[in-house]
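Spelled out, the chains give:
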Amino acid sequence: MAKNNTQNDEYVFECSGISKAFGGTQALKDVQLHVKRGEVLALLGENGAGKSTLMKAIIGLHQPDSGTMTFEGKPYSARSPVDAMNAGISMIHQELNPEPHLTIAESIFLKRESMNGIFLNKKAQNERAQKILDDFNFPYPATTVMKKLTIAQMQMVEIIKAVSSNARMIIMDEPTSSLDSEETNHLFQVIRDLKAQNVAIIYISHRMEEIFEICDSVAVFRDGTYVGSRSMENVTRPELISMMVGREVSNVFPKITVPIGETVFKVEGLCGKGFSDISFEVHAGEILGFSGLVGSGRSETMRAIFGLDRLESGKIYLEGKEIRIRSPREAINQGIAMVNEDRKDYGLCLFRSIRENISLPNLPSRQKGLLLNQRREKKECNEYSKLLTVKTPSIENNAFSLSGGNQQKVVIAKWIMANPKVLILDEPTRGVDVGAKSEIHALMGKFAQEGMAIIMISSELPEVMGMSDRILIYHEGKLNGEVTREEIDCGAVNQESILAKEFGE
Ligand SMILES: Nc1ncnc2c1ncn2[C@@H]1O[C@H](COP(=O)(O)OP(=O)(O)OP(=O)(O)O)[C@@H](O)[C@H]1O
Ligand SMILES: [Mg+2]
């Protein structure tokens, strides 16, 4: 660690005049950033503001069109992430792309073997990795293959990898978007430890609570430009939001009261990998929330219902009739749609246009008229992408070119437009900025009003408490309690009491 730097010691990293264009999109316009040693600097901005692009420019995944950077007082540039890592800068990406067949140990030391001859020896590599994993209380042996891990665990491996590469600046691009409260607390502890060792952290998140909890200062971006920086002590949430969006966003959870109708969807005694004995029903117009820790079985249950994973036993009823679902295609044909936790798994074709992505699901309701009518399809796609503020020059562009949060909006638009009877949303607003988040919540309300039955999994307690008519709480693969809207509204139930149930009390 470079502790003996005398000049210009306050900032570990500085850049200015950075610009970057992708074709016709000017993703960054003459931006700057100053990062102090040992600070946690939040990067805030709407979806598509340029946050990830700037970070990728720092670690050499993109070459900026102009601008200069310094790291530890010296001119800095990176041709590749390995370059950046060797210099002391690591990044944990928003979109995790692990090599599924590698072991944890291999992932941790990927591209680093050459730096350390000893790690060409598998046994030494495994032992070293195991020691690092043990320091982090990671629950799997170093020889486990990556594909066995959940998204949350893969993310933790990335963090462990960065930390163990002796980085002096670590960029975390939405690191908590798939962590539950316990894992988030663990990460925050790791961040505090890193700070104590004078490591600087650039922290990107759309979750305001987190930014106020863990960050020392904040830099705000809007539309590819640098708006300004503040110390967290001297700034309020509304101020930050208006810096970000240039307007005020009032009600973050605009829950509309909708009369609850007949039972639309019902499951009885569902058992599968990671959950057992799950029974519940959802009514027309109802938003049924599911809370629980990551790995508690919520996503596993929904994946099995939707036909992505095998259901071992149990019954599923749609509008009173028992149905069988053996594949997502069958679920969709029955009128059940799901926005998946991992949007690439069953959500988005990155190399198709935004329009194609939105209009892909062939629900029976759409087959009748809509698909025949391409002009109307195009019009609707445009409407929804505008409504959800998908930031793109044209809906004919590939989904690949969108920022992370904008990809998520496309997945939501796609399923909402398909007008299913039952809509399952697994972490629907993950990575989505405050403005679009309230649009998505408003749309959920609107569709509930029209009689859709909505199931929502969310690890953000304020979201699940704000939006749900009822909440079912998971603990270790089983249901461990139910909370009603009334109980939340009258204050009989709060975040703490829901958390307690998530922990099995
Ligand atoms: N590879 C690419 N090709 C074309 N355009 C791109 C590419 N990567 C990013 N962009 C565009 O650059 C702009 C900035 O995107 P970026 O991913 O940096 O946003 P972000 O601030 O990280 O947003 P989010 O909060 O949604 O992750 C967006 O308009 C995006 O569509
Ligand atoms: Mg991003």
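Here the structure is a predicted model, which means the values were calculated and not measured. (Residues numbered from 1 in each chain as written. Chains lettered and ligands numbered in written order. Predicted model: local features only at pLDDT ≥ 70, side-chain atom pairs only at ≥ 80, totals over all residues. Heavy atoms only, no water.)

Here we look at the sheet that holds strand β8 (residues 200-204)
Here is step 1: Taken in spatial order, the 6 strands line up as β6-β7-β8-β3-β9-β10 in an open sheet, and their pairing is mixed. With partners counted over all chains shown, the strands left at the sheet margins are β6 (89-92) and β10 (225-231), one partner each. Across this sheet, the average inter-strand angle for adjacent strands is 20°, counted without regard to direction.
Here is step 2: The sheet contact formed by strand β3 (residues 40-44) and β8 spans 4 bridges and is parallel. Bridge pairing in β8 links Leu43 to Ile204.
Here is step 3: Its contacts with the sheet place helix α1 (residues 51-58) against β3, β6, β7 (169-173), β8 and β9 (217-222), and it is angled at close to 150° to β7.
Here is step 4: Lying on the sheet, helix α5 (residues 151-164) is in contact with β6 and β7; it crosses β6 at an angle near 175°. (Pairing = 2+ DSSP bridges. Helix = DSSP H or I, 4+ residues; strand = E, 2+ residues; numbered from the N terminus. Axes fitted to C-alpha atoms, helices over the stretch in contact; angles between N-to-C directions. Contact = heavy atoms within 4.5 Å.)

Some words on the pattern of salt bridges
Here is step 1: Counted by the stated rule, this structure contains 23 salt bridges.
Here is step 2: A salt bridge links Glu268 to Lys266; its shortest N-O distance comes to 3.5 Å.
Here is step 3: A salt bridge links Glu356 to Arg352, with the shortest nitrogen-to-oxygen separation between them at 3.6 Å.
Here is step 4: Residue class for Arg352 comes out partly exposed when judged on its relative accessible area of 37%.
Here is step 5: Taken together, the shared-partner salt bridges connect Arg207, Glu210, Lys437 and Glu460 into one network. (Salt bridge = Lys/Arg side-chain N within 4 Å of Asp/Glu carboxyl O. Buried < 20%, exposed > 50% of the residue type's maximum accessible area, 1.4 Å probe, protein only.)

Thoughts on the sheet that holds strand β18 (residues 453-457)
Here is step 1: Taking strand neighbours across the sheet as the criterion, the 6 strands line up as β16-β17-β18-β13-β19-β20 in an open arrangement whose pairing is mixed. For this open sheet the edge positions go to β16 (336-339) and β20 (478-484), each flanked by a neighbour on one side alone. Ignoring strand direction, the axes of neighbouring strands in this sheet form an average angle of 20°.
Here is step 2: Where strand β19 (residues 470-475) meets β20, 5 bridges bridge the pair, whose relative direction is antiparallel.

Digging into the site of ligand 1
Here is step 1: Taken together, the neighbourhood of ligand 1 is formed by 21 residues, with Gly48, Thr53, Ser401, Ser403 and Gly405 sitting nearest.
Here is step 2: His206 places a polar side-chain atom, nitrogen or oxygen, 2.8 Å from an oxygen atom of ligand 1.
Here is step 3: Bound to the protein, ligand 1 loses 89% of the 640 Å² it would expose on its own.
Here is step 4: Sorting the residues of the shell around ligand 1 by element identifies β2 (25-36), α1 and α15 (404-417) as the ones contributing at least two each.
Here is step 5: Here the residues of the shell around ligand 1 are counted per class, giving 4 nonpolar, 13 polar and 4 charged. (Near = heavy atom within 4 Å. Polar contact = N/O pair within 3.5 Å; in protein donor to acceptor, adjacent residues only side chain to side chain. Areas by Shrake-Rupley, 256 points an atom, 1.4 Å probe, with all protein chains shown as cover. Nonpolar A, V, L, I, M, F, W, Y, C, P; charged D, E, K, R; others polar.)

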